[in-house]
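Understanding the architecture of this molecule
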Amino acid sequence: MLHLKHLSLIVVCILFAACTTTPEPTPDLPSLLAATQTAQADQAERTPVTLLTPTDQNTFTNVAEVKLQWQWHRPLAEDEVFDVRVWHEGEPPYGITWTQETSMELASWLLYQQPGQFFWTVAVLKKGTGDQPAQEISAAPPEHTFTMDAIRLDVMELPPGFTSELYARLPITQPTVALFDPDGALLVLSLDGRVVRLTDDDSDGVAETATIIFEDPGDRMNYAVGMALHEGNIYISDAGRVSFLTDSDSDGVWDNFQPIIEGLPTWQHTFHSNNGIAFGPDGKLYVTIGSTTDHGPLQERFESSVLRMNPDGTGQEIFATGFRNSYDLAFSPDGDLFSADNSPDELDYNLHYLPPEELNHVQQGKNYGFPYVYGIAGSGTEYTAPVTELFTSSATSGLTYYDGDQYPPEYRGVYIAQLGTGAAAPTNLGVSTGRMVVHVSLTPDGEGSFRGTWQPFARFRTDIGIYGPIDVTVGPDGLLYIVEWEIGTIHKILYNPDSAQAAASEVIALSAGEDIYRNGANGAPACITCHLLDTGSAAGVGPSLFGLGEVAASRVAGLTAEEYIRQSILNSNDYVVEGYLAGIMYQGYAGQLQPEQVDALVEYVLSLAAN
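Throughout what follows, the structure given in this document is the object of discussion. All values derive from a computational prediction rather than experimental measurement. (Residues numbered from 1 in each chain as written. Predicted model: local features only at pLDDT ≥ 70, side-chain atom pairs only at ≥ 80, totals over all residues. Heavy atoms only, no water.)

1. A look at the nonpolar core
In this structure, Trp70, Phe146 and Ile490 are the most contacted members of the largest nonpolar core, which totals 71 residues. When residues no more than four places from it in sequence are discounted, the contact partners of isoleucine 490 are Glu165, Leu166, Tyr167, Ala168, Leu170, Leu186, Val188, Leu198, Tyr481, Ile482 and Val483. Core analysis: the next-biggest nonpolar cluster, separate from the first, contains 24 residues, Ile528, Tyr589, Tyr604 and Val605 among them. (Core = buried A, V, L, I, M, F, W, Y, C linked by side-chain atoms within 4.5 Å. Buried < 20%, exposed > 50% of the residue type's maximum accessible area, 1.4 Å probe, protein only. Contact = heavy atoms within 4.5 Å.)

2. Let's talk about the pattern of salt bridges
All chains considered together, the criterion is met by 13 salt bridges. Here aspartate 192 ties to arginine 194 by a salt bridge, and the two come within 3.3 Å at their closest N and O atoms. Since its relative accessible area comes to 39%, aspartate 192 is described here as partly exposed. Residue arginine 194 is classed as buried on the basis of its relative accessible area of 15%. Between glutamate 562 and arginine 566 there is a salt bridge whose closest N-O contact spans 3.2 Å. Of this pair, glutamate 562 and arginine 566 both sit in helix H7 (residues 561–570), four residues apart, roughly one helical turn. When salt bridges that share partners are traced, they join Asp181, Asp183 and Arg197 into one network. (Salt bridge = Lys/Arg side-chain N within 4 Å of Asp/Glu carboxyl O. Helix = DSSP H or I, 4+ residues; strand = E, 2+ residues; numbered from the N terminus.)

3. Observations regarding empty space enclosed by the protein
Under the defined criterion, the tally for this structure stands at three cavities of 30 Å³ or more. The volume enclosed by the largest cavity comes to roughly 110 Å³. Around the largest cavity, the lining comprises 16 residues; the ones closest to its centre are Pro356, Leu390, Phe391, Ile584 and Tyr586. By residue class, the composition of the lining of the largest cavity is eleven nonpolar, four polar and one charged. Its volume calculated, the second largest cavity comes out at about 60 Å³. In terms of residue class, the lining of the second largest cavity is made up of six nonpolar, four polar and three charged. (1 Å grid on protein atoms, 1.4 Å probe; cavity = no way out; pocket = protein on both sides within 12 Å on 5 of 7 lines; lining within 4 Å. Points joined across faces, edges and corners; volume = space filled by probe spheres on them. Nonpolar A, V, L, I, M, F, W, Y, C, P; charged D, E, K, R; others polar.)

4. As for the packing of aromatic side chains
Counted under the stated rule, the structure contains 30 aromatic pairs. Ring geometry for phenylalanine 162 against phenylalanine 457: centres 5.1 Å apart, planes inclined by 80°, an arrangement best described as edge-to-face. With a gap of 295 residues between them, phenylalanine 162 in strand S11 (residues 162–169) and phenylalanine 457 in strand S31 (residues 450–460) connect regions that are remote in the sequence. According to the relative accessible area criterion, phenylalanine 162 is buried, its value standing at 6%. Measuring from ring centre to ring centre gives 6.0 Å for phenylalanine 338 and tyrosine 401, while their planes differ by 25°; the resulting arrangement is stacked. Placement of phenylalanine 338 in strand S25 (residues 337–341) and of tyrosine 401 in strand S28 (residues 396–402) is noted, with a sequence separation of 63 residues between them. The exposure class of phenylalanine 338 is buried, given its relative accessible area of 1%. The class of tyrosine 401 is partly exposed, set by a relative accessible area of 22%. These aromatic residues form a ring-pair network of at least three members: Phe162, Tyr402, Tyr407, Tyr411, Tyr415, Phe457 and Tyr495. (Phe/Tyr/Trp six-rings, centres within 6.5 Å; stacked < 30°, edge-to-face > 60°.)

Right, here's the structure in full:
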């Protein structure tokens, strides 16, 4: 039986327990701070990317002007990317690239679009691993818009009076050569052997229709870089052979493929093969064939030659020799044959400098020097000199002879496309060669050949993208058409005498030295081919000459600034600036400039002030 005093004790304990409050635990301040920072970081991670330009007010006609830019609150981790999306009004939001850069040139994408309003946005993604998809880690960004009134591409600098227009965007990649057929359509060959036919159906100056008229069903063609027309057939030069195509049922599709010669030297050295082809006024087919090495020795019968044969492949004979790797060849209306040759690029004990590339007037039975001599300096009774020397490692490619009347008479002559890879250029300095079309004006030398003076004609703007002109041809309208390799476009070059006259009236007369610096003289190239044109230009293949007069006297003991500059012009390998290669500078100034021209050039270089 429970005693009363026990019951009282229990009640007291219960009341005490009920009235007693359990104390709160002491707050963990570091944990609270960490939680707060985590929440803030999560919130920052969800911050949308800030879109900078172009804004909703921007309207463009030239796609080269459109550059997307953006920023985020922190640098990306290795497994994070910006997901860039651009789309036309009314279309899905196309993702066009993943990048860790904070800007993007949009020319190569816009070229394949129609004018109108475009939307764009950028988000941050964490890349997926294995079967896990990428995860968006930024907040949904706002959409910006811009408008394209026209899809036009101005990517080259031309002489006064000349302008470029986009003639066609190609449905094939890696175009290599182009020519017009008798009906005025432009045929373009691709590296894998496809042939596309472009037509301007409404005569508005732009090719609206592109039809692939040949596509090798057996994937037999490889490195197709030569094309010619003869008696209604298309001839194609690809690795190791030349073939012709016929349209057996006249339906506009070339369906019959017939090799006429096989087993030619091909790819024993990288990119060296049988290349360009052309039919001469004698009705025979001429084929350029590259060497089997970079600079010798010769190993096969037909290498380093221009081969001539009948249209059916019979009657093969070596027409001329001594070419390292001529990409193309072309006849003038008078029947003169021209071909441009690439330069070696593997220095060793047999090759101590980088020789020039060449334009050659190819004549029967002559030897143009490879692999024994290069350029004008190596010519003589045994070896034939080139018409002119071109800058080394410019990847000289397709060429054509212009004799039309749409341009001024001084622009007649040979035009050469230089793809530009800078295979042997000092790429660690951020420079490159080529990337332009050059014009060579010709003067008879009195001995049955020509001397040439070359100038840049169409400089592709490497500041807004990577462009590689690979071929140039003349249309039935008397205009030049340039084939661009990287994006796959055809550009038409027009001339307006009124705008040329207006530009000429604004030109301030140049001093004799500045004229040589900018334009060259007597067949010697302009200094700006390698050095800077002005203090604001990008790096040149050669060092900047601005401010040289202020430091030249300290370069070589015992030489004044004037003596140092003069010696560097006349004997360019005597004093090579650190970081640049010997043999890159043109070697022929001493033989081609008159003493008074050298004096004027030295005086002008001394006058170039530093920034």
